[in-house]
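Next come the chains, spelled out residue by residue.
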Amino acid sequence: MSAIETWGEMVRVEHAQSDRIRGVRPTDTWSQSAAQFRADPHRTDDRTVETLRSRLNPGETLLDVGAGGGRLALPLALTCRNVTAVEPSPSMCAVLRETARDYGIQNLTIVESGWLDAEVEAVDVALCSHVVYVIEDIGPFVRKMNAHASRLVMAILFQASPISQAYGIWEQVHGERRHALPALPQFLPVLEELGIRAEVTELDQQPSRTFSSLEEAREGMARWLFVSPGTDAMTRLDHVLRDALRENNGVWQVEGARPLQPCLVSWETAGNSR
Ligand SMILES: C[S@@+](CC[C@H](N)C(=O)[O-])C[C@H]1O[C@@H](n2cnc3c(N)ncnc32)[C@H](O)[C@@H]1O
């Protein structure tokens, strides 16, 4: 199997397992967590924003594919000429619109659509942060970003999906191995197959997911594992969580969870890809 086929197969298998365990797939999977993607565009302590900014030339235009609530698109709009944010989730778009309005950011165009269906103008730089894990058709997705950026493409991916922290708990609750989504190790061979020579830079490690109370941890885990209150699966989850969580000074974490390593994968578009 080619790297592109392997990627697509991993996404298909993970989605099929999720659909089987969850039942009906919600139309907007971000409706319960979109608010977490709101962030102050003027913050000065975010080294990822500073790294991205350092790669942008003054006055350039930016496309943010899967912009979410604008965690990166909005601070970058403060220094770019214009940002086009492509985002299919209505709840994420609502957070993005509201945050842009609250901070008076007007050089942002929101296109409420998935990337492969989006009709947008070409820009100087395309960005895609923590999106590709769920994209089955990865070849056309990356090629379209390449075709729409005249100078540079930047993608941010973790070494492993953040939800991998809960794979052990998943197995104990659902009695089967959790199929993993593809991440950085599978993305680099995809780029190679597309004829793209990319540079990889490690960004700051992020602590594993923390929760501020046992109840919040229980709710977060139930969401990750598609477990509903009052079910047998919830009883099993409660039982597993007794040993699977660690508390330190009022902060709860999955026992043994390792920090997350995000990486910036970037490439100049001129003459890069086949
Ligand atoms: C984990 S969030 C990341 C949001 C933002 N890029 C960030 O780093 O904060 C993933 C986002 O990708 C979006 N997404 C999923 N499929 C997409 C697609 N086919 N085209 C564009 N965006 C997509 C989701 O709606 C979601 O907002």
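Residues numbered from 1 in each chain as written. Predicted model: local features only at pLDDT ≥ 70, side-chain atom pairs only at ≥ 80, totals over all residues. Heavy atoms only, no water.

**Let's talk about the pattern of salt bridges**
Basically, it comes down to this: Salt bridges, as used here, are contacts in which a Lys or Arg side-chain nitrogen is within 4 Å of a carboxyl oxygen on Asp or Glu. Numbering of helices and strands runs from the N terminus; a helix is a DSSP stretch of H or I covering at least four residues, while a strand is a stretch of E covering at least two. Residue exposure (1.4 Å probe, protein chains only): buried if accessible area is under 20% of the type maximum, exposed if over 50%, otherwise partly exposed.
This model, assessed by the stated rule, comprises 18 salt bridges. Glu 176 serves as the salt-bridge partner of Arg 20, at 2.8 Å between the closest nitrogen and oxygen. Of this pair, Arg 20 sits in helix 1 (residues 3-22) while Glu 176 is found in the loop between helix 6 (167-174) and helix 7 (184-193), placing the two residues 156 residues apart along the sequence. The class for Glu 176 is partly exposed, based on a relative accessible area of 22%. Here Arg 38 makes a salt bridge to Asp 102, at a shortest N to O gap of 3.1 Å. Placement of the pair is Arg 38 in the loop between helix 1 and helix 2 (47-54) and Asp 102 in helix 4 (residues 90-102), with a sequence separation of 64 residues. The exposure class of Arg 38 is partly exposed, given its relative accessible area of 35%. Bridged by salt links that share partners, the residues Arg 38, Glu 98, Arg 101 and Asp 102 form one connected network.

**A closer look at the domain arrangement of the protein**
How big an interface is tends to be expressed through the accessible area that disappears when the partners come together. The cut-off we apply is this: The start and end points of each domain follow an automatic or database-based domain assignment. Any pair of residues with heavy atoms lying within 4.5 Å of one another is described as a contacting pair. Buried area, as used here, totals the accessible surface that two parts lose on assembly, with accessibility defined by a 1.4 Å probe and the loss added over both. Side-chain atoms alone can form a polar contact between residues adjacent in sequence; in general such a contact is a pair of N or O atoms within 3.5 Å, and within protein one must be able to donate a hydrogen while the other accepts it. Only Asp, Glu, Lys and Arg are considered charged, only Ala, Val, Leu, Ile, Met, Phe, Trp, Tyr, Cys and Pro nonpolar, and every remaining residue, Gly among them, polar.
According to the domain assignment, the protein contains domain 1 (3-208 + 260-268) and domain 2 (209-257). Once you take the C-alpha centre of each, domain 1 and domain 2 turn out to be 26 Å apart. Counting residues at the interface gives 17 residues for domain 1, matched by 17 residues for domain 2. Together, the buried faces of domain 1 and domain 2 total about 1,500 Å²; carbon and sulfur atoms form 66% of this surface. At the junction of domain 1 and domain 2, the tally comes to zero salt bridges. Across the domain 1-domain 2 interface, the total number found is five residue pairs in polar contact (both at pLDDT 80 or more). Per element, the largest residue contribution to the side of domain 1 that touches domain 2 is five residues, and it comes from helix 6. Broken down by class, the residue content of the side of domain 1 that touches domain 2 amounts to eight nonpolar, seven polar and two charged.

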